[in-house]
Structures are given as C-alpha cells and as structure tokens.
Amino acid sequence: MKKTVVVIGGGYGGIRAIEHLKDRDDLEIVLLDRHPYHYLQPEIYDFIANKSEISDVTIDLFSLCEGFGESVKFFKRDVLDIDVKEKVVITDIDNFKYDYLIISAGARTNFNTNIEGLKECTHGVKSLKRALEFKQKFESAIYRKLEAEGGVCTEKFNIVIGGAGISGVEIAAEMAYYSREFYRNGAFNCDNINVYLISSQKTVLPGLDKYLIEKSTKRLLSLGVKIITNKKISKVEQNAVYFNDGTSID
Ligand SMILES: Cc1cc2nc3c(=O)[nH]c(=O)nc-3n(C[C@H](O)[C@H](O)[C@H](O)COP(=O)(O)OP(=O)(O)OC[C@H]3O[C@@H](n4cnc5c(N)ncnc54)[C@H](O)[C@@H]3O)c2cc1C
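Because the structure is a prediction, the values reported are computed rather than measured. (Residues numbered from 1 in each chain as written. Predicted model: local features only at pLDDT ≥ 70, side-chain atom pairs only at ≥ 80, totals over all residues. Heavy atoms only, no water.)

To continue, consider the confidence of the model for the protein. The predicted model of the protein has a mean per-residue pLDDT of 91, with 96% of residues at 70 or higher. What the predictor reports for the complex is a pTM of 0.88 with an ipTM of 0.97. (pLDDT = per-residue confidence, 0-100.)

Take the pattern of salt bridges next. Think of it this way: side chains of opposite charge can pair up when their charged atoms draw near. Under the counting rule described, the total for this entry stands at eleven salt bridges. Between lysine 135 and glutamate 139 there is a salt bridge, with its nearest N and O atoms 3.8 Å apart. In this pair, lysine 135 and glutamate 139 both sit in helix H5 (residues 128–149), four residues apart, roughly one turn of the helix. A salt bridge links lysine 210 to glutamate 214; the nearest nitrogen and oxygen atoms lie 3.4 Å apart. Linking lysine 210 with glutamate 214, this pair stays in helix H7 (residues 210–222), spanning four residues, or about one helical turn. (Salt bridge = Lys/Arg side-chain N within 4 Å of Asp/Glu carboxyl O. Helix = DSSP H or I, 4+ residues; strand = E, 2+ residues; numbered from the N terminus.)

With that settled, consider the layout of surface pockets. By rolling a water-sized probe across the atoms, one finds the places where empty space is left. Its boundaries defined by the atoms lining it, the second largest pocket holds a volume of some 950 Å³. What lines the second largest pocket is a set of 30 residues, and nearest its centre among them are Arg34, His35, Ala105, Gly106 and Ala107. Among the elements that make up the lining of the second largest pocket, the one with the highest residue count is helix H1 (residues 12–21) (three residues). Within the lining of the second largest pocket, the residues separate by chemical class into ten nonpolar, twelve polar and eight charged. (1 Å grid on protein atoms, 1.4 Å probe; cavity = no way out; pocket = protein on both sides within 12 Å on 5 of 7 lines; lining within 4 Å. Points joined across faces, edges and corners; volume = space filled by probe spheres on them. Nonpolar A, V, L, I, M, F, W, Y, C, P; charged D, E, K, R; others polar.)

Next up, the structure:
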C-alpha cells in the first residue's frame with residue numbers, strides 16, 4: 001500500500017521536495033497551501049516597477065501539480081493545526097492523514113518591535129497581497145502628485161527604503177529606474193521623486209565583496225538613489241521616518 005506524504009506550503013521548499021519525490025511509485029503526495037499559487041518572491045521587484053504582471057510572479061499550483069503526475073494532488077487549504085500523535089493535518093475545511101509530513105510553510109517578516117510604528121506604517125513585499133497593495137499605493141500617489149502639481153513641482157514625494165542589503169538595494173534600484181522612465185516617457189516636468197536607501201552600516205550591502213559594494217553604489221547613485229549610511233531608523237509614522245541622530249525624512 002502506498003504511503004501518503006503531506007507537504008504544507010507550495011513555496012520553493014515544498015515544490016523542490018515534491019520534485020524529488022514525485023517519481024516514487026510507493027508514495028502519494030498531497031500539497032496544501034492557503035494560496036492557489038506559488039509566489040515567485042525574487043521576481044517581485046520587477047512587478048512593483050511595472051516591468052511584469054501578476055502572471056509573471058505566480059504559478060498556478062493546480063496546474064503545477066497536475067504536471068507532476070497522478071501521484072501529486074493539490075488542495076487549497078489553510079493549515080490550522082497538526083495532530084502529531086494521530087498523524088493528521090487539520091485545515092480550515094477538512095483533515096488529511098499522513099505517513100510522512102513535510103512542513104515548508106516559509107517564514108514571516110519579523111517587524112523589529114524596538115522601532116515604533118514599523119509594522120503599522122511600512123510596506124512589505126513578503127506576501128503578494130502586500131506587494132500589490134504597495135504597488136497600487138505607489139501608483140495612486142504618483143497620480144495624485146501629477147494632478148496636484150500643475151508644473152509647480154512642490155509636492156514632496158519621498159520613498160524611504162530601510163535596510164541596504166540585497167533586497168533593499170534591488171528595490172531601490174528598481175523604484176529609481178521606474179521613476180526615471182516614468183518621467184522620461186511622460187515628459188512630465190516635476191521630476192522630483194526621491195528614493196532614499198538607508199544603511200545602518202558604513203556602506204550599502206555590508207559584508208559583501210568590496211567590488212560589489214562599489215559597483216552597486218555607483219549604479220545606485222547614477223540612478224539618483226540617495227544613499228544614507230551610518231543611521232538607524234528609530235521611529236516610523238504614516239508620513240515620516242525618524243533616525244537615531246534626531247534627523248528625519250518626511
Ligand atoms: C522580495 C524577496 C526577494 C528574494 N530574492 C531572493 C533571491 O534573489 N534569491 C534567493 O535565494 N532567495 C530570495 N528570497 C528568499 C526566498 O524567496 C525564500 O527564501 C523562499 O521563498 C523560501 O521558500 P519556502 O518554501 O521556505 O517559503 P515560501 O516561499 O514563503 O513558501 C511558503 C508557502 O507556505 C504557505 N503557507 C504558510 N503557512 C501556511 C498555512 N498555515 N497553511 C497553508 N499554507 C501555508 C504559503 O502560502 C507559501 O506558499 C527573496 C525573498 C523576498 C521576500
């Protein structure tokens with residue numbers, strides 16, 4: 001009799017595990033995910049910068065599992081609990097018995113609780129929903145700015161990216177590039193969107209190779225990104241970021 005493997009989470013971890021197991025004829029594989037899609041997290045910067053669409057950052061898990069063959073079934077379920085003694089996964093709809101369980105449910109952003117307002121007043125891209133909300137808010141803000149300015153160019157538009165590791169650098173570059181292209185294509189004259197990239201260290205990409213740091217810094221500056229180093233964010237409000245040295249950006 002075949003054994004059942006239940007996989008919780010259709011991210012990179014879960015899918016890779018299924019790829020390894022799918023040809024075993026002694027196994028039946030059940031994939032559970034609360035979303036019907038695999039989310040391509042590393043591609044999200046292009047999506048935010050309007051270089052790609054939702055269909056470019058998602059893969060339908062039903063089709064993906066169908067492609068793996070008959071031994072793999074996908075169910076859109078929110079996993080609520082696991083009864084390890086009885087070997088049962090409890091979901092929002094029904095329960096799944098397993099012989100083997102793979103938990104590949106990913107991670108959640110750990111909003112640093114020492115920074116007041118961080119969770120309430122910032123955007124994240126860890127989930128597709130939050131990335132989409134950010135993109136929509138960004139575009140609405142650009143539209144409001146265009147409507148309000150009428151050639152006077154007084155509307156402030158500052159985007160602050162906290163953290164200059166790989167993700168921060170990538171998103172800063174994409175947003176700066178997007179802004180530049182937006183103004184170039186539309187021939188709008190109020191080209192005053194500022195992208196700030198904050199590093200608490202001496203450079204961007206701290207800890208990486210010196211060559212990479214120098215090359216990335218040069219590219220960021222050429223895109224107009226304003227790099228701020230040696231500062232730590234201490235507080236965030238809806239329209240302002242405060243630093244440990246008493247300065248702020250609004
Ligand atoms: C913006 C961004 C860019 C990145 N760029 C890179 C990169 O360039 N290179 C790189 O190597 N890594 C990159 N990463 C990291 C990489 O995306 C993660 O390491 C990877 O996604 C982790 O895979 P995972 O399978 O563990 O989790 P995830 O991909 O997060 O998948 C977890 C899955 O579990 C599901 N799930 C969670 N809880 C439940 C539940 N209770 N019930 C049902 N389903 C559940 C979720 O819906 C999700 O589909 C990036 C991450 C981000 C956010």
